[in-house]
Amino acid sequence: MVQFESSIKHLSYSQEQVYNKLADLNNLTLMREKLELLKEKAGGKIEDFSFDRDSITLKVQGINLTLRIVEREPMKCIKFEGDKTPVPLNLWIQVLPENEMNAKMKVTIRAEINAFMKAMVSKPLQEGVEKLADILAMIPY
């Protein structure tokens, strides 16, 4: 089991605002234009994406990756599990208060990768977890 963590992102929104927005992935509909721009910035790596209340599916270099919410810990954490992903993986978004008006967030990915694969995927997964945290930090909550 290998774990990758993003740096901590500081948000100018309350813990409750951030959690409530992320706990229902349908809220991403409001950000479709920004997501399209991010798709372009990814240089063709992200080919498509779709989402509903409990899951998000990305098509990355011809591979469909679906992450499904498996647990919501109100105001603190949203846990995802890979659904038919190439390797078993979990992702969670932790949201903690800094004060009444500001929150901090961290994204963690844990994947079951053998030693051979670890050398090949460590850098892309670490970059991916950091980019995801950056994207989530840009959302207007």
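As the structure is a prediction and not an experimental result, all values here were calculated from the model.

About the thresholds
- Sequence order as written defines the numbering, with residues in each chain counted from 1.
- Whole-chain, interface and lining totals are the exception, using all residues; otherwise, since this is a predicted model, local features are given only for residues with pLDDT of at least 70 and side-chain atom pairs are given and counted only at 80 or more.
- Heavy atoms throughout the structure, all of them, feed into the side-chain values; hydrogens and water do not.
- Numbering of helices and strands runs from the N terminus; a helix is a DSSP stretch of H or I covering at least four residues, while a strand is a stretch of E covering at least two.
- Burial here depends on accessible area, computed with a 1.4 Å probe over protein chains only, as a share of the maximum for the residue type. Under 20% is buried, over 50% is exposed, and the range in between is partly exposed.
- Contact between two residues is taken to exist if any of their heavy atoms lie within 4.5 Å; hydrogens are not considered.
- To be clear on the numbers: accessible area is Shrake-Rupley with a 1.4 Å probe, and residue cover counts the displayed protein chains and nothing else.
- We define a polar contact as two N or O atoms separated by no more than 3.5 Å, with the added condition that, inside protein, one atom must be a possible hydrogen donor and the other a possible acceptor, whereas residues neighbouring each other in sequence contribute only through side-chain atom pairs.
- In this description, a nonpolar core means a group of buried Ala, Val, Leu, Ile, Met, Phe, Trp, Tyr and Cys residues linked to one another through side-chain atoms lying within 4.5 Å.

Tell me about the overall build of the protein chain, residues and numbers included.
When helices and strands are counted, the protein chain shows 3 helices and 8 strands. Reading the protein chain from its N terminus to its C terminus gives the helix and strand order β-β-α-α-β-β-β-β-β-β-α. Classification of the 141 residues of the protein chain by burial places 34% in the buried group. Residue pairs in contact within the protein chain that sit at least 24 positions apart in sequence constitute 51% of those at least 6 positions apart. Counting only carbon and sulfur atoms, one obtains 54% of the accessible surface of the protein chain, whose full area is about 8400 Å².

An account of the side chain of T57 is requested, with residue identities and associated values reported.
Summarising the element assignment, T57 is placed in strand 4 (residues 55-60). A polar contact is formed between the side chain of T57 and the side chain of T66, at a distance of 2.9 Å. Contact partners of T57, with chain neighbours within four places excluded, come to D48, F49, S50, N64, L65 and T66.

Explain the nonpolar core to me, using residue names and the numbers behind them.
Judged by nonpolar contacts, the single largest core of 31 residues is most densely connected at L22, F80, I93, L136 and Y141. For this core, the elements supplying multiple residues, two or more each, are strand 1 (2-5), helix 1 (15-23), strand 3 (46-51), strand 5 (63-73), strand 6 (77-83), strand 7 (89-97), strand 8 (103-111) and helix 3 (115-138). At 5 residues, the largest contribution of residues to this core is made by strand 8. Apart from residues lying up to four places away in sequence, L136 is in contact with L22, I93, M105, V107 and Y141.

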